[in-house]
Amino acid sequence: MSGPVVVYVELAGGEADRVSLETLAFARVLAVALDADVEALLIGGDAAAVGAGLGPQGVTTAHVVTGADLAGTFAPGGWGAALAALATARGASAVVGPGTDRGSEVVAHAAARLGLPLAANVLAATPGDPWRLTRQRWAGSLLEDATLEAPIRLLTMAPHAVAIEERSGAPAATVVPFAPQISAGDLVVRVTGREAPAAGSIALGDAKVVIGGGRGVGSAAAFAELEELAGLLGGAVGGSRVVTSLGWRPHSDQIGQTGLRIAPDIYIACGISGAIQHIVGCKSAKRILAINSDAESPIMSVADYAVIGDLHAVVPAISAELRRRQG
Amino acid sequence: MNVLVCVKRVPQTGGRIVLTADGQDIDTKFLGFTISPHEECGVEEAVRIVEAGGGSSAVLTLGPAAAEDQLRDAMALGIERAILLETDGTEWDPVSTAAAITAAIRDQEAAHGAFDLVLFGNESADSGGFQVGIRVAVALVRPVVSGIKGLTIGSGSVTARREAVGGGWETYELPLPAVVGVKEGLNLPRYPSVPGRLRAKKKEIERIPVGAATSGPAAASGTPIGPSKVVLRLPQEQRSEAEILGRGAEAAPAVVDLLERIGVTGR
């Protein structure tokens, strides 16, 4: 039997976050290959209750940190130091975390403190000498087959690469309090303030319909045509990196590798050529409708539907048709 | 404030990625190169901080000789000096990269005085390791936070702001000297001026040869390095022909039919 696979589980709204549950499913496959247990680290007020409930996810032991010093607010260095301490104390074979913003940060802190390599956004891993793995580059537009040689293998799991698994009838995980010695220096950086989200507008990340504009829109003012269509459909407007770099839209409206990843029922891409940077952000849409005057543009290869033509003619015509039918 | 921004030269990929025959690299025959997007905002921020409060700015990269272009791009925007850790052109893993940058920062600080703030991109656009800035900060025993989209310089500290899980923002206070991983959206980078470009062209670049990762400071110290690239490949795509709904404004009824069919018109 090998040392356990230790999974850093992120808490969000009183439960384990979705990517962490995916990470546990991935960890279980690794653990079977290694003949090892899956153990979890949870930090925060709800850690014990959530940890106990991870039995169906294959967790045998949930190590929970609840003291206010460390668990009171998110402290990336302190939480990474706790993960490193647990990995060492348990003689872990591997440490896996979710490839979310926080997960990536915490595991990187653990790796830096352990002085060991970290493979980020992994899709598959095969233990051996060395370990072989596949990871994402360019936010998933390119894959890298790589090897990893280290006494503890540190990985983050690419979001939404494996399905969440639950096994009914599994025993509850044993909850064990974990109180690592964390230096004051590791707790200097922590969340000290919060600002609530702006009220009112439909968040781009939650909208069922997203209208995206690219260079073809032509100006900040011309986005009014897209806004009108979004208004009629109860949707939100976003844009490509070009339009946020040109200042036509705020950066918070950017869909892409360096912006938001969206997953609406339909994404209507207007005057967007379809650079890889953008496709990464919209490919999870259930359907993509491209409106573009160039039938050969790369967006056409990912679109389900297309209208060939000038968006300045097509978009207002769609709005007019919607109005006509809505009476 | 003395600010250092660390950048990476990456290809401008555009519409599709083509690999070299040996699968070791992206075929860049027809591509330009750029500074990784998050880091473009790091460059702009460094220039703004020095413009607003005085001090000095420097840019550093680890990369091939041609990465000189990206250092000159940064200097064209107003960065004062540049350091190139010149590799033999082979790829460096994150552990090796961080160790070489850490050593270079120590040398630079011994020669020119301490950096109050070191900026990194949150992750590089190409290899996306999400770790080099954190490793450097831990090695230098400096506070660090990632994912930052807002920076306010105080006296002896910096307030950093990032998007919170579930919406809104969260803030962090870091005593200086500090390291910050920034994201695009931090600011809107300016375009270089013609005089800026001309000035940047004439500036000296400090070149420090570092060779291959296997002979870098991490490998020399016996630290495990990696992960090690074996080969690159393109993901399998389920490509399907897009169904053409029509041409021009006459396509509008077909589009609305589609929107009604998938139930997003509220009818």
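The present account deals with the structure reproduced in this document. (Residues numbered from 1 in each chain as written. Chains lettered and ligands numbered in written order. Predicted model: local features only at pLDDT ≥ 70, side-chain atom pairs only at ≥ 80, totals over all residues.)

### Quick word on the nonpolar core
Ranked by internal contacts, the top residues of the largest apolar core, which has 134 residues, are Val5(A), Ala82(A), Leu83(A), Val95(A), Val59(B), Ile79(B) and Val180(B). Sorting elements by how many residues they give to this core places helix H4 (residues 76–90) of chain A first, with 8 residues. Contact partners of Ile79(B), with chain neighbours within four places excluded, come to Val5(B), Val43(B), Ala46(B), Val47(B), Ser57(B), Ala58(B), Val59(B) and Ala74(B). (Core = buried A, V, L, I, M, F, W, Y, C linked by C-beta atoms within 7 Å. Buried ≥ 20, exposed ≤ 12 C-beta atoms within 10 Å, placed from the backbone. Helix = DSSP H or I, 4+ residues; strand = E, 2+ residues; numbered from the N terminus. Contact = placed C-beta atoms within 7 Å.)

### So, the sheet that holds strand E10 (residues 169–175) of chain B
Taken in spatial order, the 4 strands line up as E12(A)-E10(B)-E9(B)-E8(B) in an open sheet, and their pairing is antiparallel. Because the sheet does not close on itself, it has two edges, and the strands there are strand E12 (191–195) of chain A together with strand E8 (150–153) of chain B. In this sheet, neighbouring strand axes are inclined to one another by 25 degrees on average, regardless of whether the strands run parallel or antiparallel. Where strand E9 (residues 157–163) of chain B meets E10(B), 7 bridges bridge the pair, whose relative direction is antiparallel. From the neighbouring strand, Arg162(B) faces E10(B), where its bridge partner is Glu170(B). (Pairing = 2+ DSSP bridges. Axes fitted to C-alpha atoms, helices over the stretch in contact; angles between N-to-C directions.)

### What about the interface of chain B and chain A?
Facing 74 residues of chain B, the contacting portion of chain A comprises 84 residues. Listing elements by their share of the side of chain B that touches chain A, those giving two or more residues are helix H1 (37–53), helix H3 (94–112), helix H4 (132–140), strand E7 (144–148), E10, strand E13 (228–233), strand E14 (243–247) and helix H7 (252–261) of chain B. The leading source of residues in the side of chain B that touches chain A is E10(B), at 7 residues. Looking at the side of chain B that touches chain A, its residues break down into 40 nonpolar, 22 polar and 12 charged. Here strand E9 (residues 142–148) of chain A pairs with E13(B) via 5 bridges, running antiparallel. Paired with Glu144(A) across the two strands is Leu232(B), which belongs to E13(B). (Nonpolar A, V, L, I, M, F, W, Y, C, P; charged D, E, K, R; others polar.)

### Description of the packing of helix H5 (residues 101–114) of chain A against H4(B)
Look at H5(A) against H4(B): their axes get within 9 Å of each other, and the N-to-C directions meet at 45 degrees. When the axis of H5(A) is compared with that of H4(B), the two are oblique. Once H5(A) is placed against H4(B), the crossing between them reads as right-handed. For the pair H5(A) and H4(B), the contacting residues are Ala108(A), His109(A), Ala112(A) and Arg113(A) in the first and Ile134(B), Arg135(B) and Val138(B) in the second. Looking at the contact of H5(A) with H4(B) residue by residue, the classes come out as 4 nonpolar, 1 polar and 2 charged. (Parallel < 35°, antiparallel > 145°, perpendicular 65-115°, else oblique. Left-handed = near helix turned anticlockwise from the far one by under 90°.)

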